[in-house]
Amino acid sequence: MKGASRTRVLAVGAWLKNAACLLDGPTAHWSAPHGDLADPAACLALERSLDGLLMRGPIDAIAHDLHPDFHSTRLAIEIAQRLGVPAIGVQHHHAHIAVLQAEQQAAQRRPEPMIGLALDGVGLGTDGLAWGGELLFVDGARWQRLGHLSPLALPGGDVAAREPWRMAAAAMFAIGEGASIDARFAPHVGSAATSLLYTMLQRRLNTPTTTSAGRWFDAAAGALGFSVRQAVEAEAAIAMELAATEWLDNADVSPHAEFTPILANGQLDLRPLFAHLLTNDDEPARGAAVFHVNLAAGLARWAIAAARQHAVGAVALGGGCFMNRVLTQRLGAHLEGAGLRVLRTRSVSCGDAGLALGQAWVAADQLRRAAAAGLPATLHTLTEASPCA
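Here the structure is a predicted model, which is why all the values come from computation and not from measurement. (Residues numbered from 1 in each chain as written. Predicted model: local features only at pLDDT ≥ 70, side-chain atom pairs only at ≥ 80, totals over all residues. Heavy atoms only, no water.)

Our next topic: the packing of aromatic side chains. Counted according to the given criterion, the structure contains 6 aromatic pairs. Aromatic side chains tryptophan 15 and phenylalanine 70 sit 5.0 Å apart centroid to centroid with 25° between the ring planes, which places their arrangement in the stacked category. Of this pair, tryptophan 15 sits in the loop between strand 1 (8–11) and strand 2 (21–24) while phenylalanine 70 sits in the loop between strand 4 (61–65) and helix 2 (71–83), and the two are 55 residues apart along the sequence. Exposure remark for tryptophan 15: the relative accessible area of 28% places this residue in the partly exposed category. Residue class for phenylalanine 70 comes out buried when judged on its relative accessible area of 15%. The ring of tryptophan 131 carries arginine 145 above its face, with NZ or CZ at 3.7 Å from the centroid. (Phe/Tyr/Trp six-rings, centres within 6.5 Å; stacked < 30°, edge-to-face > 60°. Helix = DSSP H or I, 4+ residues; strand = E, 2+ residues; numbered from the N terminus. Buried < 20%, exposed > 50% of the residue type's maximum accessible area, 1.4 Å probe, protein only. Lys NZ or Arg CZ within 6 Å of the ring centre and 35° of its normal.)

Following this line, the structure appears as structure tokens:
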């Protein structure tokens, strides 16, 4: 392996909004965007891009997502075996926060340990579950999951991400209001659908759990009437953000964070906030504002406590939920008010389109640490970054 400053790692990116990245020391070389890998054309485009990036010279490793069934993962392992280099699996939300450390290095600053808030729709966790609302400690390849948002059921699996009414119903069930699902949503989707979903929740049939912030946004949007079914990704959350923005811009008094989510056992519990929305939904725009204001306050309290516990001065914001300006600005103000530096992506998207940079950075740091410890990098052809103690 070359000197530590010239470690070269190829990263294959995310499932959604895929783009590949070759990290050559502090310099990132990007492919064109490929789109979602559910599209065979995007998979072929990724293959061509990887061939092009490999023409830039030899690599030390190839980084990929933990999900074993992604086309990108299979492709990364095939390339690694052909080239005789390690294939290094990087957890999705770890990679989101590591993007900020890669940007620090590119700006010729020493990458620092940081608390990370990684909020998005979904990413496979190390426990095999769907993550997406994560509080992390990240120091390169060393990381630890400190906490997560309260879990929600996904009635019907992936289809729940396309139908906010399902997420609202799941949240209703979680607060003990399952018996009211039919009355609330049957006029929109029919009694057969609501009855089936209630049975699924009761019997835990095809209802995997998620800690996703994106799904909590969907639940709130469904409860407030902004969306029943989504035509495009994040449609419900965007509608709610726009309503919150307009309400906050025109309100005489901004709502107080009086329903701040509860911190307990490492979880940020959003159920009390959702329960308030459910019983005060006569003005949806105000409900959207209340959700944003209280979520930002709860996230800030969570991150501030973690930063003090781990003696770090920076909080990194990563994941597609931080495209939401209301959430990001209010959360940032809280964190800066507590004396913390707030790190946001500058050179790439905070969402999945920028994920490959974080994947590459984590893998490169793992190689550097192995070299410093005198361990051969080729001992493990498929490794997963381990949480720090």
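Right, let's talk about the packing of helix 8 (residues 235–250) against helix 11 (residues 325–337) for a bit. When two helices pack together, you describe them by how their axes are tilted relative to each other and by the distance separating the axes. Look at helix 8 against helix 11: their axes get within 9 Å of each other, and the N-to-C directions meet at 60°. One finds that helix 8 runs oblique with respect to helix 11. The segment helix 8 lies against helix 11, with Glu241, Thr245 and Leu248 engaging Arg325, Val326 and Arg330. (Axes fitted to C-alpha atoms, helices over the stretch in contact; angles between N-to-C directions. Parallel < 35°, antiparallel > 145°, perpendicular 65-115°, else oblique. Contact = heavy atoms within 4.5 Å.)

This part covers unusual backbone geometry. For residues besides glycine, phi is generally negative; the peptide bonds are generally trans as well. For lysine 17, which is not a glycine, the phi torsion comes out positive at approximately 50°. Position of lysine 17 relative to the elements: it lies in the loop between strand 1 and strand 2. Although it is not a glycine, arginine 204 adopts a positive phi angle of roughly 55°. By the secondary structure assignment, arginine 204 is in the loop between helix 6 (191–203) and strand 10 (209–210). Given the relative accessible area of 74%, arginine 204 is considered exposed.

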